Each structure stands twice: as structure tokens, then as C-alpha cells.
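# Chains, contacts and geometry: an overview
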Amino acid sequence: MPKPLKEFVNKKITAPKITRYLTEKKWNQLFPKRYGIGQKDSISNNPDFYSYKTFVQASKLFPSFLSDGNDTIQKRELSAFLANIAQETSGGWDDAPGGYFKWGLYFLEETNAGIKNQYNDTSKKNYPAIEGKFYYGRGPKQLTWNYNYGQFSEAWFGSKDTLLLHPELLSKDPLLSFASALWFWMTPQFSKTFLSRYTHRNMGSHAR
């Protein structure tokens, strides 16, 4: 079984390719209204929850991210990823100042979380929901459902139980939150469309 991702956090890892294509200045231009900047972080009191620095740190733990194809294909994958997290977390509207996507990363948690939808798929017996816990969307990719929390928990902590017991950690730890988005993007699953580099590599091979 692979080592938990959290064990690699403090190890020296080569700078990811993302820094070739995306600078902090560009990040700030893309997401000027991000959570902690565009609004006060009332959940974890972080002045910049979705910071560029944390995104880069998280990407170091996924060396396969932006690893296939040439620069054009890698840029295409990065653009697709950024557009996806912007759409998932946007606080914008059609006539929003600066445009809809300028409000990407505005939300940390699903906006209808107050409804307390548990997102419990009881058919996923390996990842049973905990009574009183709610697996609504959190983080840049809005990780949702008990089985996704459980699988990511295995990848990060080495145990499915940590996030099944404490799903709220995704709203407390920026690095964990970004890692959940990259993990979901990179990990094929039967229950979802595979969004990873393979899709974009194939798209690139036909784009002439």
C-alpha cells in the first residue's frame, strides 16, 4: 500500500511544473475574490485560505499532475483544472463585476450546506457514513459524498476513518483542501468521469 501523502509534506520535492505556467501574480489576477481575500474566513480564520503558495505545495505531492505531453497539452490541462475549480466554487453571476470567473474560489463550502444534506451513499459499504456527519462539498473541487471522503482519507492519512469521522477538516486545513482537489482530478473512479491528464492528453493528440 502506498505511503500516505501527508508523510511527504515536509520532504524536499522538486518544484512542480505548475510554477512554469502559473505565477503568484497571475493567480491573484485569476482569483481576486477568493475565500479569505474577497471575504473574511469565518471558518478557519485564514487570511488567504486559497493561496498560491499552498496550491503549489499541494501540487508537489502529485508529480503526475502536468506530466504528460508537451507544454501545450500541459497548459491545456492546467487551464481545464483552474476553470473547473473556479466553476465549482464561484460566487459570481452573469453580470458580476469582472465577470463570472473572477469570482472563482469564492466559496469554501457548498452554499446549501445549511440544508445539512449528508450525501451518504449507503451502497458504498466500505465507506460508511458516520451518524451526525455531513459530506457536502468542501474545498476547491467541492469534494462530496462519503465514499470520496473515505477514499481521499485513505490516500492522505492512510485510514478511511479520519475524514469519515471529521469531514470538516477539509474546511480547516488549506493544504488538505487543495490536495483533495488534485487527488480527485488525478484519480480514476468507476463512479465518475475521469478528469485527469489522460483525458486532456487524448484531447491534445487530436487537436491539430
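In this report, the structure presented in the accompanying data block is examined. Only a predicted model underlies this, so the values are computations on that prediction, with no experimental measurement involved.

What counts and what doesn't
- Residues numbered from 1 in each chain as written.
- Predicted model: local features only at pLDDT ≥ 70, side-chain atom pairs only at ≥ 80, totals over all residues.
- Heavy atoms only, no water.
- Core = buried A, V, L, I, M, F, W, Y, C linked by side-chain atoms within 4.5 Å.
- Buried < 20%, exposed > 50% of the residue type's maximum accessible area, 1.4 Å probe, protein only.
- Helix = DSSP H or I, 4+ residues; strand = E, 2+ residues; numbered from the N terminus.
- Contact = heavy atoms within 4.5 Å.
- Axes fitted to C-alpha atoms, helices over the stretch in contact; angles between N-to-C directions.
- Parallel < 35°, antiparallel > 145°, perpendicular 65-115°, else oblique.
- Nonpolar A, V, L, I, M, F, W, Y, C, P; charged D, E, K, R; others polar.
- Phe/Tyr/Trp six-rings, centres within 6.5 Å; stacked < 30°, edge-to-face > 60°.
- Lys NZ or Arg CZ within 6 Å of the ring centre and 35° of its normal.
- Left-handed = near helix turned anticlockwise from the far one by under 90°.
- 1 Å grid on protein atoms, 1.4 Å probe; cavity = no way out; pocket = protein on both sides within 12 Å on 5 of 7 lines; lining within 4 Å.
- Points joined across faces, edges and corners; volume = space filled by probe spheres on them.

## A short note on the nonpolar core
Trp 27, Phe 55, Phe 62, Phe 65, Phe 81, Leu 82 and Phe 152 are the most contacted members of the largest nonpolar core, which has 46 residues in total. Only helix H1 (18–21), helix H3 (52–59), helix H4 (71–89), helix H5 (146–157), helix H6 (161–165) and helix H7 (174–186) provide two or more residues apiece to this core. What Phe 152 contacts, discounting residues up to four positions off in sequence, is Leu 143, Leu 163, Leu 170, Leu 176, Ala 179, Ser 180 and Trp 183.

## Considering the packing of H5 against H7
As a packed pair, H5 and H7 sit with axes 11 Å apart at the nearest point and diverge in direction by 110°. By the angle class used here, H5 and H7 are roughly perpendicular. Where H5 approaches H7, its residues Asn 148, Gln 151, Phe 152, Ala 155, Trp 156 and Phe 157 are matched on the opposing element by Leu 175, Leu 176, Ala 179, Ser 180, Trp 183 and Phe 184. Grouping the amino acids of the contact of H5 with H7 by side-chain chemistry returns nine nonpolar, three polar and no charged.

## Considering the packing of aromatic side chains
On inspection of all chains with the given rule, the structure shows 20 aromatic pairs. Connected via pairs of aromatic rings, a cluster forms that spans Trp 27, Phe 31, Tyr 35, Phe 49, Tyr 50, Tyr 52, Phe 55, Phe 65, Phe 81, Phe 178 and Trp 185. The ring of Trp 103 has Lys 33 lying over it, and the distance from NZ or CZ to the ring centre is 5.1 Å. When the ring centre of Tyr 136 is taken as origin, the NZ or CZ atom of Arg 138, which lies over that ring, is 4.0 Å away.

## Focus on the packing of H3 against H7
When two helices pack together, you describe them by how their axes are tilted relative to each other and by the distance separating the axes. For the pair H3 and H7, interaxial distance at closest approach is 9 Å and the crossing angle is 55°. As summarised for this structure, H3 and H7 are arranged oblique, according to the angle between their axes. The way H3 lies across H7 gives a crossing that is right-handed. On H7, the residues that touch Thr 54, Phe 55, Gln 57, Ala 58 and Ser 59 of H3 are Pro 174, Leu 175, Phe 178, Ala 179 and Leu 182.

## Quick word on the layout of surface pockets
The calculated volume of the second largest pocket comes to roughly 220 Å³. Considering the residues around the second largest pocket, the lining is formed by 13 residues, among which Leu 30, Phe 31, Ser 79, Leu 82 and Ala 83 are closest to the centre. If you list the elements that add at least two residues to the lining of the second largest pocket, you get helix H2 (24–30) and H4. Here the lining of the second largest pocket gets six residues from one element, more than from any other, and that element is H4. The residue makeup of the lining of the second largest pocket, split by class, is nine nonpolar, one polar and three charged.

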